Amino acid sequence: MKRMILALVAMVLSVAAVSAQNYMVVDSEKVFKSLSAYNNALTQIENLSEQYQAKVDAQYQEVERLYNSYIQQRASLSEATRQQREQMILQKEQEAAEYQESLFGTEGELMKKRMALIQPIQQRVFSAIESFSKQYGYDLVIDTCVNKGDISVVKYAAGIYGWTAKAGKGEVKNCTN
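Residues numbered from 1 in each chain as written. Predicted model: local features only at pLDDT ≥ 70, side-chain atom pairs only at ≥ 80, totals over all residues. Heavy atoms only, no water.

Undergrad: Whenever I open this one, the overall build of the chain confuses me. Can you help?
TA: For the chain, the helix and strand inventory stands at 6 helices and 3 strands. Walking the chain from its N terminus toward its C terminus, one meets helices and strands in the order α-β-α-α-α-α-β-β-α. Here the chain holds 177 residues, and 19% of them are scored as buried. Taking contacts inside the chain between residues at least 6 apart in sequence as the whole, the part at least 24 apart equals 62%. (Helix = DSSP H or I, 4+ residues; strand = E, 2+ residues; numbered from the N terminus. Buried < 20%, exposed > 50% of the residue type's maximum accessible area, 1.4 Å probe, protein only. Contact = heavy atoms within 4.5 Å.)

Undergrad: Please explain the nonpolar core as it appears in this structure.
TA: Generally speaking, soluble globular proteins have nonpolar side chains that are buried together. Core analysis: the largest hydrophobic core is formed by 17 residues, its most contacted members being Ile121 and Ile129. Those elements that provide at least two residues to this core are β1 (23-26), α3 (36-73) and α5 (109-135). Apart from the residues within four sequence positions on either side, isoleucine 121 is in contact with Phe32, Leu35, Ala37, Tyr38 and Ala41. (Core = buried A, V, L, I, M, F, W, Y, C linked by side-chain atoms within 4.5 Å.)

Undergrad: Please explain helix α4 (residues 79-104) as it appears in this structure.
TA: For the α-helix, the turn length of 3.6 residues means that residues three or four positions removed from each other point alike. Between its first and last C-alpha atoms α4 spans 37 Å; for 26 residues at 1.5 Å apiece the expected length is 38 Å, and the two agree. Taken together, the buried positions of α4 are Arg85, Ile89, Ala96 and Leu103. Those residues of α4 that are buried are in contact with α3 and α5. (Expected span 1.5 Å × (residues − 1).)

Undergrad: Help me understand the pattern of salt bridges in this model?
TA: A side chain with one charge may pair with a side chain of the opposite charge, provided their charged atoms come close. Counted under the stated rule, the structure contains 5 salt bridges. With a closest N to O distance of 3.8 Å, arginine 82 and glutamate 79 form a salt bridge. With arginine 82 and glutamate 79 both in helix α4 and 3 residues apart, this pair spans about one turn of that helix. On the basis of relative accessibility, which here comes to 46%, the residue glutamate 79 falls in the partly exposed class. Salt-bridge contacts for glutamate 109 lead to lysine 112; the nearest nitrogen and oxygen are separated by 3.9 Å. Separated by 3 residues within a single helix, glutamate 109 and lysine 112 lie in helix α5, roughly one turn from each other. Classification of glutamate 109 by relative accessible area gives partly exposed; the value is 37%. (Salt bridge = Lys/Arg side-chain N within 4 Å of Asp/Glu carboxyl O.)

Undergrad: Sorry, what's going on with the pairing of β1 here?
TA: Where a strand is regular, its side chains alternate between the two sheet faces. Side-chain alternation along β1 places Met24 and Val26 on a buried face and Tyr23 and Val25 on a face that remains uncovered. Pairing geometry for β1 and strand β2 (residues 140-143), over 4 bridges, is parallel. Each bridged residue has a counterpart across the sheet, and for tyrosine 23 the counterpart in β2 is leucine 140. (Pairing = 2+ DSSP bridges.)

Undergrad: So what exactly am I meant to see when it comes to the environment of lysine 92 here?
TA: Counting through the fold element by element, lysine 92 comes out in helix α4. Lysine 92 sits in the partly exposed class, given a relative accessible area of 35%. When the C-alpha atoms of lysine 92 and glutamate 64 are compared, they prove to be 9.8 Å apart, with 28 residues separating the residues in sequence. When residues no more than four places from it in sequence are discounted, the contact partners of lysine 92 are Val63 and Leu66.

Undergrad: Help me understand α3, please; the structure alone is not making it clear to me.
TA: The end-to-end C-alpha distance of α3 is 55 Å, a good match for the 56 Å that 38 residues give at a rise of 1.5 Å each. Turning to α3, its buried residues number three or more, namely Tyr38, Ala41, Ile45, Leu48, Ser49, Tyr52, Val56, Val63, Leu66 and Tyr70. Looking at the packing, one finds that the buried side of α3 touches α2 (28-33), α4 and α5.

Undergrad: How should the packing of aromatic side chains be read in this particular structure?
TA: Aromatic rings considered in pairs are described by the distance between their centres and by the relative angle of their planes. Applying the stated criterion to the full structure yields 5 aromatic pairs. Ring geometry for phenylalanine 132 against tyrosine 136: centres 4.6 Å apart, planes inclined by 45°, an arrangement best described as tilted. Residue class for phenylalanine 132 comes out partly exposed when judged on its relative accessible area of 37%. These aromatic residues form a ring-pair network of at least three members: Phe32, Tyr38 and Phe126. (Phe/Tyr/Trp six-rings, centres within 6.5 Å; stacked < 30°, edge-to-face > 60°.)

Dropping the structure here:
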């Protein structure tokens, strides 16, 4: 009976606490798409991506040309020359793959350019959202655009709801009993 009363009190208190919070829901993707700077940055990134892809395609076409030439001449080549040509083709293919990674990889040129162009815009938008939420008294901002609505992300939370510092100081007691 004691547990039931405690559970009821906890439920009433949690409902009261949740209803006391002011929160707003934003779709930052729509905000970004409404900004010409963001759309221009995406266009620049797309153009750069196409240029990089053309360079990568040219390298792979060279590998394909070397391979086709090798296949046609293979019967008339000595064993040593065949091995030498095979090694050269494999080396060119490896170079093309490394070049592609240097452009399109997670540490590649395209990602660096994306970060340089997009990150300042993101910071301005997130700062504006935080400023707006503080100005109008919102305690929590939830962004619905992440993963096409599968997951919502908290963009801003007022300090009064931060339990992390209290937990670190031992102020939050074990509630499992």
